[in-house]
Amino acid sequence: MPKDAIVRTIGLKKTFLLGKIPLHVLKGIDIEIYRGEYISIMGPSGSGKTTLFNMIGGLDKPTEGKVYIDEVDIAQLDAYELAWLRCRKIGYIFQTFNLIPVMTALENVMLPMIFGGMEHDEAMNKARELLETVGLGERLHHKPFELSGGQQQRVAIARALANDPAIILADEPTGNLDLKTGKEIIHLLKEMNKNKEVSIITATHDLKMLDVSDRVIWIRDGMIERIEDRENLQIRVGEVEGEEAG
Amino acid sequence: MAVDVSKKKKIEKQLVLPLSHAFNMSLRSIKIRFGRSIIVTSSIVLGIAFLMSILSSNAFITSIIQKGPESLKIALQQNLDEIRTRQLWLISLSLLVCVVGIINAMLMAVTERSREIGTMKCLGALDKFIVELFLLESSIQGFAGSIIGVFVGTIATFLTYLLRYKGLIWSIFPGELLIRYSVLSILLGIIISVIGAIYPAYVSAKMEPAEAIRREV
Ligand SMILES: Nc1ncnc2c1ncn2[C@@H]1O[C@H](COP(=O)(O)OP(=O)(O)OP(=O)(O)O)[C@@H](O)[C@H]1O
Ligand SMILES: [Mg+2]
């Protein structure tokens, strides 16, 4: 029996029009990501990682090709179903944290649950629990600007987990963090991946991410260059680090 | 039975933004961006104060004609007819300026908060939640601004009439009419604010989340 694909893309292309000049950012991406996997998407700046994320997350429409989430073609969804998918099935984490500035940590985590129709008190309890799991039990009532970058990203992780999504999409979650904090965030994500059985897809330049990934998808110029399992990876990491240093 | 199943599915798939929650969010948005809120609100204050000063001055004159001494009646009647024609377009103009001011300020708010809007959509906000939040925010400002405007306009007019007619004013004080005009002005103030916010709210709701988040301000 084939493994259960939570995300599947077929011939995914995205072209932006800059004035009249077409810019082909994704040139046909076929990937399959299985339930419970931890995937890293690696590639140089401008290779199309964020664009790919936006397609997978239903945040933008592909020019060509299909995205299936849980075997549902998301192009077939109406606005309401798409919003529901974003609310319940996918959790998003951004490089810039993107917390709602007027809300406390607790309220930020509650928001997706409120949208999803959960009762206020139930949402509050669950948000508190989630914030405790990410180590912010003491900071429930702080506003984002009162928190450090690492703490904000923890809130974002708690928020992404709010509705028990099947997938977490994290676009350079450690991009704005220092080495140590970045490591903590990566391990937190890995922990959530193991404990909650949520598939995690991260885009990153961060080689620390390789250690925890089940597979790494390398993309370059809008195409998949290679896909590697962790076993093969171990040999490569040294090589890549050498590349980067040189 | 089949009906039951589909109903259940609908309920399961609901997305909501409770009014109390929306109200709370709007109120805080206003507070945290106090500077800009003041600009929007003060444009409403000015418009409504102007409207109310004209309306209340009408109320005083009408009341003097009805209850005041004969000697004043004829002169004021002429005055009233003359003023009325001019007033209408002055009022319209001032309210129009109000609407434009609100549209402008709200459009600024949309660009400034584009990322926040995109994020909310990622969390499952429907377009109509975004519209709701912006309209709510604007009507709260409209309400507050109108109340202040009504006070300012009425008091200013009252003082001018008090200076001109002295004690007479107390005996003809048109309380009921003033209250009616105040309610009218406040309603109008809220309606204007909502009208001014509709277009910006629509613009913000229609952005694709990816675009909204990408846009740097
Ligand atoms: N909305 C857009 N309009 C026009 N061009 C775009 C748009 N979004 C992305 N691009 C272009 O597509 C290319 C890929 O961008 P993308 O953000 O996907 O890269 P990335 O791999 O995420 O890079 P980074 O690692 O720096 O985040 C870039 O050349 C970018 O300029
Ligand atoms: Mg990127």
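Summary of the structure given here.

What counts, and at which threshold
- Residues numbered from 1 in each chain as written.
- Chains lettered and ligands numbered in written order.
- Predicted model: local features only at pLDDT ≥ 70, side-chain atom pairs only at ≥ 80, totals over all residues.
- Heavy atoms only, no water.
- Helix = DSSP H or I, 4+ residues; strand = E, 2+ residues; numbered from the N terminus.
- Rg over C-alpha atoms; globule rule 2.2 N^0.38 Å.
- Buried < 20%, exposed > 50% of the residue type's maximum accessible area, 1.4 Å probe, protein only.
- Contact = heavy atoms within 4.5 Å.
- Areas by Shrake-Rupley, 256 points an atom, 1.4 Å probe, with all protein chains shown as cover.
- Axes fitted to C-alpha atoms, helices over the stretch in contact; angles between N-to-C directions.
- Parallel < 35°, antiparallel > 145°, perpendicular 65-115°, else oblique.
- Left-handed = near helix turned anticlockwise from the far one by under 90°.
- Buried area = accessible area lost by both parts, 1.4 Å probe.
- Salt bridge = Lys/Arg side-chain N within 4 Å of Asp/Glu carboxyl O.
- Polar contact = N/O pair within 3.5 Å; in protein donor to acceptor, adjacent residues only side chain to side chain.
- Nonpolar A, V, L, I, M, F, W, Y, C, P; charged D, E, K, R; others polar.
- Near = heavy atom within 4 Å.
- 1 Å grid on protein atoms, 1.4 Å probe; cavity = no way out; pocket = protein on both sides within 12 Å on 5 of 7 lines; lining within 4 Å.
- Sits in = over half its atoms within 2 Å of the grid points.
- Pairing = 2+ DSSP bridges.
- Right-handed = clockwise from strand over helix to strand, strands pointing away.

### Remarks on the overall build of chain A
Then, in step 1: Helix and strand content of chain A: seven helices and ten strands.
Then, in step 2: Against the compact-globule benchmark of 18 Å for 246 residues, chain A has a radius of gyration of 18 Å, which places it among compact chains.
Then, in step 3: The principal-axis extent of the C-alpha atoms belonging to chain A is close to 45 × 45 × 45 Å.
Then, in step 4: Taking all 246 residues of chain A together, the buried fraction comes to 53%.
Then, in step 5: Here the analysis covers contacts within chain A between residues at least 6 apart in sequence; of these, 70% occur between residues at least 24 apart.
Then, in step 6: Surface exposure of chain A reaches about 11,100 Å², of which carbon and sulfur atoms provide 50%.

### Describing the packing of helix α4 (residues 70–112) of chain B against helix α6 (residues 127–165) of chain B
When two helices pack together, their arrangement is captured by the angle between the axes and the distance separating the axes.
Residue and element names in this part refer to chain B.
Then, in step 1: Running from amino to carboxyl end, α4 crosses α6 at an angle of 150 degrees, the nearest separation of the two axes being 13 Å. The orientation of α4 relative to α6 falls into the category roughly antiparallel. Seen along the crossing, α4 lies across α6 with a hand that is right-handed. Along the contact surface, α4 presents L72, L76, I102, M106, A109 and V110, while α6 presents F134, S138 and Y165.

### Thoughts on unusual backbone geometry
Then, in step 1: With a phi angle near 55 degrees, E197 of chain A is a residue other than glycine that sits in the positive phi range.
Then, in step 2: Position of E197 of chain A among the secondary structure elements: in the loop between α6 (179–196) and β8 (199–204).
Then, in step 3: The phi dihedral of K166 of chain B falls on the positive side, at around 50 degrees, and the residue is not glycine.
Then, in step 4: Secondary-structure assignment places K166 of chain B in the loop between α6 and α7 (168–171).
Then, in step 5: Overall, K166 of chain B belongs to the exposed group, its relative accessible area being 52%.

### With respect to the interface of chain B and chain A
A common measure of how large an interface is: the accessible area buried when the components associate.
Then, in step 1: Facing 28 residues of chain B, the contacting portion of chain A comprises 30 residues.
Then, in step 2: Here chain B packs against chain A, burying approximately 2,700 Å² in sum over the two surfaces, 65% of which is carbon and sulfur.
Then, in step 3: Across the chain B-chain A interface, the total number found is two salt bridges.
Then, in step 4: Notably, a salt bridge pairs R28 of chain B with E107 of chain A, separated by 2.5 Å at the nearest N-O pair.
Then, in step 5: Linking chain B with chain A are eight residue pairs in polar contact (both at pLDDT 80 or more).
Then, in step 6: At the level of elements, α2 (19–32), α5 (114–122) and α9 (209–214) of chain B are the ones that each hand at least two residues to the side of chain B that touches chain A.
Then, in step 7: Ranked by residues supplied to the side of chain B that touches chain A, first place goes to α5 of chain B with six residues.
Then, in step 8: Classifying every residue of the side of chain B that touches chain A gives 15 nonpolar, five polar and eight charged.

### Thoughts on the side chain of T174 of chain A
Residue and element names in this part refer to chain A.
Then, in step 1: Within the secondary structure, T174 sits in the loop between β7 (167–171) and α6.
Then, in step 2: With a relative accessible area of 7%, T174 lands in the buried category.
Then, in step 3: Sequence-distant contacts of T174, defined by excluding residues within four places in its chain, comprise G182, I185, I186, T204 and D206.

### Re the site of ligand 1
Then, in step 1: Neighbouring residues of ligand 1: 15 residues in total, closest S45, G46, K49, T50 and T51 of chain A.
Then, in step 2: With respect to ligand 1, its neighbouring residues span chains A and B.
Then, in step 3: S45 of chain A is positioned such that a nitrogen or oxygen atom in its side chain is 2.4 Å from an oxygen atom of ligand 1.
Then, in step 4: T51 of chain A is positioned with one of its side-chain polar atoms (N or O) 2.5 Å from an oxygen atom of ligand 1.
Then, in step 5: Notes on ligand 1: free accessible area 630 Å², of which the protein chains cover 70%.
Then, in step 6: Under a 2 Å grid-point criterion requiring more than half of the atoms, the pocket assigned to ligand 1 is the largest pocket.
Then, in step 7: Within the residue set of the shell around ligand 1, elements represented by two or more residues are β1 (5–18), β2 (21–34) and α1 (49–56) of chain A.

### Some points on the sheet that holds β1 of chain A
Sheet strands associate in pairs through backbone hydrogen bonding, adopting either a parallel or an antiparallel arrangement.
Then, in step 1: An order of β2-β1-β4-β5 (chain A) is seen for the four strands of this open sheet, with the pairing classed as antiparallel. Among the strands making up the open sheet, the edge pair consists of β2 and β5 (72–73) of chain A.

### Comments concerning the pairing of strand β4 (residues 64–69) of chain A
All names here are of chain A.
Then, in step 1: Here β1 runs beside β4; their pairing, made up of five bridges, is antiparallel. Pairing of V7 across the sheet is with I69, part of β4.
Then, in step 2: For β4 and β5, the ladder comprises two bridges, and the chain directions are antiparallel. Within β5, the position partnered with I69 by the bridge is V72.

### Regarding the pairing of β8 of chain A
Residues and elements named next belong to chain A.
Then, in step 1: Buried residues dominate β8, accounting for six of its six residues.
Then, in step 2: Covered by surrounding structure in β8 are S199, I201 and A203 together with I200, T202 and T204, the residues of both alternating faces.
Then, in step 3: Pairing analysis gives five bridges linking strand β3 (residues 38–42) to β8, with the strands arranged parallel. Each residue of the ladder has a partner; that of M42, found in β8, is T204.
Then, in step 4: Pairing analysis gives five bridges linking β7 to β8, with the strands arranged parallel. Considered in β8, the bridge of L169 is made with I201.
Then, in step 5: Note that the unit made of β7, α6 and β8 has a crossover that is right-handed.

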